Amino acid sequence: MKFMIVGKGNAETEAPGAMPSQELVDNMHAYNESLVKAGVLLAAEGLYPSSRGAQIAYSGGKASVIDGPFAEAKELIAGFWLIQVKSREEAMEWALRVPVPPGYDGVGLSVWQVFDASDVPDDSMPAEERAREEALRERLGANKPGT
């Protein structure tokens, strides 16, 4: 089972040029190393503030680009981890170990199960569609650096 642990953004992560404390960086590095050692980490990245991002809005069937920054900090994300574990409970155990900056209050993380083609029962996806999905994932794996 794959899960995405999403770190919420806040005023500190949105501040231009702001960097986390060295203590938090060290703690995050140690956390990421523990994920790697356990063999569960698929990806992990921090994100720039929303001032360097954009949103796509749709109206009347047309798309438009809205450049950041965005005012609704509760909807922002600061980074994520993608993990592959055996259960939701294991994902929660890992999420509870994410280092939190001292003094942080409020919702800091969300944990989402990632939908995977293997979650679809064999009898509900045509064989040719399943084969196309598997071939696409193989090509994606071949495009990763170092493979």
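Please refer to the structure higher up on the page.
The rules behind each value
Residues numbered from 1 in each chain as written. Predicted model: local features only at pLDDT ≥ 70, side-chain atom pairs only at ≥ 80, totals over all residues. Heavy atoms only, no water. Helix = DSSP H or I, 4+ residues; strand = E, 2+ residues; numbered from the N terminus. Buried < 20%, exposed > 50% of the residue type's maximum accessible area, 1.4 Å probe, protein only. Contact = heavy atoms within 4.5 Å. Areas by Shrake-Rupley, 256 points an atom, 1.4 Å probe, with all protein chains shown as cover. Expected span 1.5 Å × (residues − 1). Arc of directions from axis to C-beta.

1. A word on the overall build of the chain
- Per the secondary structure count, the chain includes four helices and six strands.
- When the helices and strands of the chain are placed in sequence order, the string is β-α-α-β-β-β-β-α-β-α.
- Counting only C-alpha atoms and orienting by the principal axes, one finds that the chain spans roughly 50 × 45 × 30 Å.
- In the chain, which comprises 147 residues, the share counted as buried stands at 23%.
- Pairs at least 24 apart in sequence give 73% of the contacts found in the chain among residues at least 6 apart.
- Here the chain displays about 10700 Å² of accessible surface, and carbon together with sulfur accounts for 55% of that area.

2. Observations concerning helix 2 (residues 22–38)
- End to end, helix 2 covers 24 Å across 17 residues, agreeing with the expected 24 Å (1.5 Å per residue, within 8%).
- For helix 2, the complete set of buried residues consists of L24, Y31, S34 and L35. One side of helix 2 holds all its buried residues, which, seen down the axis, span an arc of 100°. Every exposed residue of helix 2 that faces more than 90 degrees away from the buried side is listed here: Q22, V36 and K37.

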